[in-house]
Amino acid sequence: MKEYQLGEFEEIVLLTVAILHEDAYGVSIKEDIEQRLNRKVSVSALQTALRRMEKKDYLKSELGEATAIRGGKRKRYFKVTKTGKAALDYAKETRMKLWSAVPNVSYEYSKAWITTGILPRPGLPGSWHGF
Amino acid sequence: MDNNRHSPPSWSTRFLAWFLKEDYYEDIQGDLEEEYQLLIKSKGLARAKRWYSWQIIKLFKPEMAKKIEAQNSIEKETTMFKNYFKIGLRNLWKYKSSTVINIIGLATGLAAFVLIALFVKDELSYDRHHEHAKNIYRVTVKNYTTQGELSRHWAFASAGHANRLKDDYSEITHATRFYPWAFPDISYKEQEFLGEQVIFCDPDAFDIFSFEFIAGSAETAFPDVYSLVLTRSTAVKIFGTDWEEKGVIGETVTLARDGNEAPFKVTGVMEDMPEQQHFHFEYLAPIRFVEMIMGEDVANNVGGNYNWLTYIRTASGANVPELTESANKEFWDKYIGEFQPGVYARDYYDFVFQPLLDIHLTSNLEGEFETNGSIDQVYIFSVIGILLLLVACVNYMNIATSHYSRRMKEVGVRKVIGAFKSSLIKQFLSESLLVVIISLPIAVMLILWALPYLNEFMDKKLAFNPLVQTDILVGLILLLMLVGGLAGIYPALFLSKINLVQALKGEQSMNAGKWNFRSFLVTFQYIVTIGLIFSIGVIESQMGFIRNTDAGFDREQMLSLSLPRGNYNPETFRNELLKDPKIEKASYSSRIPTGRLADSWGSRFFKGDSAVSTDFRLPVVTIDKHFLDAYGIEILAGENFREGMETVLQQDTTSVGYYIINDAAVKALGFDDPAEIVGKKMGYGPSEGRIVGVMEDFHFESLHSPIVPMVFIYMDRYRRISLKLSADGMQETLSRIENVYAQFDPDTEANYRFVDDLFNEQYQNEERLSTMIKVFAVIAILIGCLGLIGMVGFIIETKLKEIGVRKVLGASTASIWMIISNRFMVLIGIAFLIGLPAAYWFMNDWLDTFVYRTSISIFLILMPVFAVILLTVGAISYQTFRATRVNPVECLKDE
């Protein structure tokens with residue numbers, strides 16, 4: 001079987017593109033990730049991931065309409081390709097396999113957390129923005 | 001909305017546009033701007049701006065950035081360069097004759113340039129090693145005539161100047177004199193060294209100049225009057241090579257002169273003074289000692305007796321022009337005042353403070369301690385050096401492009417395979433670099449071979465060892481890159497431009513008929529060649545003019561001999577010499593022709609009974625009654641000195657004078673006929689008497705200066721004796737003269753020079769200059785010729801088909817020859833119009849440094865053109881002959 005490699009961030013981006021369906025371009029993808037996951041995304045990181053996956057053929061893109069707020073520049077819409085879909089499936093599958101392999105004792109630590117009262121927060125520690 | 005729209009920081013956007021891949025730019029910039037506009041609303045302008053720029057900076061990473069031109073990895077690049085070098089080497093090997101021409105041209109050009117650069121660098125580095133060099137000035141004195149005209153500008157000052165200037169002006173922090181004229185005998189144990197040039201100086205000398213001490217120190221150099229500082233070589237000379245182990249500090253040596261002796265303690269040893277310094281001293285001793293011997297009067301003299309080389313150091317930031325002005329305003333009034341009522345000393349003297357760094361290249365004053373260099377020479381050599389390098393580069397360009405047809409197919413194939421223009425340029429540039437790199441070892445060998453000759457000829461100690469001298473190594477590498485680039489860039493552009501279709505078709509008529517850059521190159525070479533040939537012609541004709549000018553006195557087989565020291569009757573010495581049948585004539589004098597007219601007194605001329613001071617300087621030479629006869633100088637009117645016509649010139653002693661003046665003095669006194677002035681009354685210094693004779697004008701000084709009025713008097717102030725020798729058995733005569741000399745003075749060596757040698761030495765600078773220019777010009781011309789031959793070859797190569805067609809149609813070799821040479825004649829014409837005026841202007845300037853100069857004749861102007869035409873015609877004939885011998889079928893069958 002062909003090996004699909006997806007980084008954590010790449011996976012998020014790929015999923016978001018899939019979620020946004022016909023409306024996935026730079027700003028919308030970024031906003032969506034930031035809102036959903038409550039984490040800050042830099043244009044650089046996002047674009048790097050997008051272009052890398054485009055090169056790997058997980059994504060394809062085409063230029064769309066221009067708007068005034070963009071200073072007359074066109075948007076680039078991304079779509080998940082078949083390969084991209086396969087990669088997502090593969091990632092999910094492997095993840096599930098791993099999940100199912102984890103024995104229950106591994107969760108012991110959560111009790112310790114509860115007793116000390118320190119709860120893990122969603123998202124990355126130190127997220128400061130107010131979205 | 002558009003009205004209050006804020007556009008994002010423009011420099012950030014520009015930066016983004018600069019680095020980001022083109023096909024990413026539009027949407028990414030759009031995204032950024034969209035979000036930016038949203039951010040302005042939510043977070044404010046300042047934060048939005050910061051965010052925008054910060055995002056762009058984050059985007060600046062390799063994946064996002066445009067690929068740098070050649071997207072290839074370093075590995076790929078080096079492989080390509082390996083390939084270029086390989087192809088380059090193969091081509092060099094294949095076309096051996098043009099390779100040899102190229103390499104010879106470049107190697108000679110490089111070698112000549114480096115030699116010139118070494119010389120120029122050396123000339124420019126004089127005196128710079130002194131820590132305070134920028135604040136050191138030499139005190140020089142100008143003398144004026146009664147008329148206010150400059151009479152002499154002395155390199156030396158008076159004994160009393162240094163200390164008084166230092167005391168009066170706070171800007172002058174240090175002052176020293178050097179007195180170099182003592183020449184005492186030095187003895188240590190049983191060794192004795194006669195007439196050593198011990199220089200006496202003030203203790204400030206060590207604070208002004210940075211002399212490097214090996215033993216002792218600058219601070220402890222002069223603890224008392226009897227101190228002596230040596231240099232390394234004099235320490236070796238006196239104490240032997242193991243002086244350092246012996247510990248010479250504190251050793252006592254004896255200085256003796258004229259029967260007086262004084263013990264001196266060695267207090268320090270300095271390194272030998274560096275070559276690049278405008279004076280070289282071997283011993284330093286306190287000047288107080290000389291003052292003690294000479295007396296306070298001499299030490300305090302402020303008006304004359306210019307024997308004291310004087311230097312001052314100013315506080316940094318001192319305004320020296322202002323200082324000079326106030327010194328000239330105040331000094332002379334303060335220390336001399338009036339000579340006579342109404343005659344102010346300040347009108348007769350001026351100080352000039354000469355910056356130390358200017359002395360070597362620009363100073364040529366009366367009595368320079370050592371012969372200085374000349375800035376003109378530095379300029380001339382720099383120009384020639386650069387021309388040589390350019391000519392060598394142009395030569396390479398000509399040859400490289402002239403063989404372009406050989407490379408056309410290669411270029412075509414490379415283009416088909418997909419070579420960019422840029423990679424072709426790289427290829428040809430690396431080829432030119434290759435040729436330069438190959439030329440370098442040959443150039444280095446040439447330099448090493450020629451350097452000793454250059455050193456001997458220019459009296460220099462230039463060193464060339466790139467392995468040790470890193471500045472030279474770096475310079476060489478830069479030179480390589482420069483020449484490689486300069487020579488290669490045109491062929492590279494030219495060859496990479498070749499049209500693909502033409503190249504593969506083998507079409508050879510590219511640009512052949514047009515005026516283009518190559519015509520410019522050839523014209524440039526013609527300009528340089530014409531200019532240089534013209535310059536050589538002018539220099540040669542001026543040197544010939546000097547050599548053939550009748551100086552007006554007889555200098556053949558004339559020997560000038562120093563006088564023995566001690567007390568003896570001059571007549572006895574003269575008679576002793578004249579006993580030798582090979583010595584025809586002998587005559588004493590204070591100075592001899594070829595020397596300088598440096599002694600003078602004030603003079604007066606009597607009209608009726610009233611004396612009128614002469615308004616010109618009238619220098620004096622003291623001679624005996626045989627002088628005019630010995631030197632073959634004719635008396636125009638009156639008579640020669642006879643017994644009893646001796647004049648005594650001594651301060652404050654009136655005496656009767658007898659004068660012989662030259663024709664120039666007659667004219668200057670307002671007479672036309674020499675006969676009229678004979679017997680007229682005049683006064684010279686403290687003497688008064690009659691003019692007894694008028695002699696013809698002759699060049700006592702060199703042809704650089706005009707014949708000035710002068711006066712001869714009969715008086716024993718002799719320094720030399722001139723001997724007219726027979727031409728045969730010169731060597732034996734000289735040794736007999738030495739024997740006679742030894743009878744009178746067994747301690748010193750007879751010092752003699754031939755007057756015609758002295759005469760020629762006056763033009764030594766010009767001789768050197770002309771020889772050097774000639775050598776380098778010939779090199780440039782030869783390199784140029786190589787290029788020319790290549791160029792003609794190129795033109796013919798491009799016209800091969802035309803020649804073929806013409807031959808088929810029945811053209812003669814001669815008519816084909818005409819077609820080709822016409823083009824060159826036009827170029828020569830242009831070069832003539834540009835090159836000659838430039839060279840004429842340059843050389844006319846040079847000729848102006850001579851008072852007696854040749855004129856630039858029409859021959860000199862036309863000669864270079866004929867030479868160049870001859871050369872071109874030769875090259876064309878040779879190449880045309882080759883071209884027309886080719887069977888037309890050979891060159892026409894291609895199509």
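Residues numbered from 1 in each chain as written. Chains lettered and ligands numbered in written order. Predicted model: local features only at pLDDT ≥ 70, side-chain atom pairs only at ≥ 80, totals over all residues.

### Quick notes on the overall build of chain B
Which entries qualify depends on this criterion: For helices the rule is a DSSP run of H or I covering at least 4 residues; for strands it is a run of E covering at least 2, with both sets numbered from the N terminus onward. Note on contacts: residues are paired as contacts if their backbone-placed C-beta atoms lie within 7 Å.
Across its full length, chain B carries 30 helices and 27 strands. Taking contacts inside chain B between residues at least 6 apart in sequence as the whole, the part at least 24 apart equals 82%.

### Overview of the confidence of the model for chain A
To keep it simple, the criterion reads: Every residue carries a pLDDT, the predictor's confidence in it, which falls somewhere between 0 and 100.
Residues at a pLDDT of 70 or more form 77% of chain A, whose mean pLDDT is 78. This stretch, residues 117-131 of chain A, has a pLDDT under 50; its non-local contacts, to residues over four places away or in other chains, come to 14 contacts.

### As for the environment of A45 of chain A
Residues and elements named next belong to chain A. Filter applied, for reference: Working definition of burial: number of other C-beta atoms within 10 Å of the residue's own, with buried at 20 or more, exposed at 12 or fewer, and partly exposed in between, all C-beta atoms being placed from the backbone.
When you line up the elements, A45 lands in helix α3 (residues 43-55). Given 16 C-beta atoms within a 10 Å radius, A45 is considered partly exposed. The sequence separation of A45 and F9 amounts to 36 residues, and the corresponding C-alpha distance is 8.8 Å.

### Considering the nonpolar core
Soluble, globular proteins show a tendency: their nonpolar side chains are buried together. All names here are of chain B. We count it as follows: Nonpolar cores are built from buried Ala, Val, Leu, Ile, Met, Phe, Trp, Tyr and Cys residues. These are joined into a set through C-beta atoms within 7 Å.
In this structure, L110, L388, V391, A392, C393, Y396 and A780 are the most contacted members of the largest nonpolar core, which totals 84 residues. For this core, the element with the highest residue contribution is helix α26 (residues 764-798), accounting for 15 residues. Not counting chain neighbours up to four residues away, the residues in contact with V391 comprise G109, Q525, V528, A780, I783 and G784. Of all hydrophobic cores here, the second largest spans 59 residues; its members include A175, F178, I186 and Y306.

### A short note on the interface of chain B and chain A
Rules: Side-chain classes are defined by residue name, with Ala, Val, Leu, Ile, Met, Phe, Trp, Tyr, Cys and Pro counting as nonpolar, Asp, Glu, Lys and Arg as charged, and the others, Gly among them, as polar.
With 18 residues of chain B at the interface, the matching set in chain A holds 17 residues. Sorting the residues of the side of chain B that touches chain A by element identifies α2 (22-43) and α3 (45-59) of chain B as the ones contributing at least two each. Sorting elements by how many residues they give to the side of chain B that touches chain A places α2 of chain B first, with 11 residues. For the side of chain B that touches chain A, the residue count by class is 4 nonpolar, 4 polar and 10 charged.

### A closer look at helix α16 (residues 421-458) of chain B
Residues and elements named next belong to chain B. Stated formally: Between the first and last residue of a helix there are one fewer steps than residues, each counted as 1.5 Å, and that sum is the expected span. Axes are fitted to the seven residues ending at a residue and to the seven starting at it; the angle between these axes is taken as the bend at that residue.
Here α16 spans only 49 Å end to end across 38 residues, well under the 56 Å set by a 1.5 Å rise per residue. When the local axis directions of α16 are compared, the greatest deviation, roughly 35°, occurs at A450, which is followed within four positions by the proline P452. Two residues or fewer past α16, D459 is found with a positive phi of approximately 60°.

### What about unusual backbone geometry?
Residue and element names in this part refer to chain B. Even without being a glycine, D127 presents a positive backbone phi close to 65°. Its place among the elements puts D127 in the loop between α5 (96-124) and β1 (136-144). Look at D459: it is not a glycine, yet its phi comes out positive at around 60°. Of note, D459 is situated in the loop between α16 and α17 (470-496).

### A few points about the environment of E366 of chain B
All names here are of chain B. Within the fold, E366 resides in the loop between α13 (356-362) and α14 (375-402). Separated by 211 residues in the primary sequence, E366 and A155 place their C-alpha atoms 5.7 Å from one another. Among residues more than four places away in sequence, those in contact with E366 are R152, H153, W154, A155 and A598.

### Structural notes on the pairing of strand β6 (residues 198-201) of chain B
Residues and elements named next belong to chain B. Note the following rule: Criterion used throughout: strands pair if DSSP finds at least two bridges between them.
The two faces of β6 match: V198 and F200 on one face and I199 and C201 on the other face are all buried. Where strand β3 (residues 172-179) meets β6, 2 bridges bridge the pair, whose relative direction is antiparallel. Of the residues in β6, the one forming a bridge with Y179 is F200. Note that β6 and strand β11 (residues 283-286) share 4 bridges and pair parallel. The residue bridging F200 from the neighbouring strand is A285, located in β11.

### Overview of the packing of helix α1 (residues 8-20) of chain A against α3 of chain A
Residue and element names in this part refer to chain A. Quick reminder of the rule: Orientation is described by lines fitted to C-alpha atoms, with helices fitted over the stretch in contact, and by angles between N-to-C directions that extend from 0 to 180 degrees. Each angle is binned into one of four classes, with values under 35 degrees roughly parallel, values over 145 roughly antiparallel, values of 65 to 115 roughly perpendicular, and all other values oblique.
Running from amino to carboxyl end, α1 crosses α3 at an angle of 80°, the nearest separation of the two axes being 10 Å. Classified by the interaxial angle, the pair formed by α1 and α3 is roughly perpendicular. Where α1 abuts α3, its residues F9, E10, V13 and L14 lie against A45, L46, A49, L50 and M53.

### What to know about the packing of α1 of chain A against helix α4 (residues 82-101) of chain A
Residues and elements named next belong to chain A. We count it as follows: Note: crossing handedness is left-handed where the near helix turns anticlockwise from the far helix by less than a right angle, and right-handed where it turns clockwise.
Packing of α1 against α4 leaves a shortest axis separation of 11 Å and a crossing angle of 125°. On the basis of the axis angle, α1 is oblique to α4. Here α1 and α4 pass one another in a crossing that is left-handed. Facing E11, L14, L15 and A18 of α1, the residues of α4 in contact are G84, L88 and A91. Residue composition of the contact of α1 with α4, grouped by class: 5 nonpolar, 1 polar and 1 charged.

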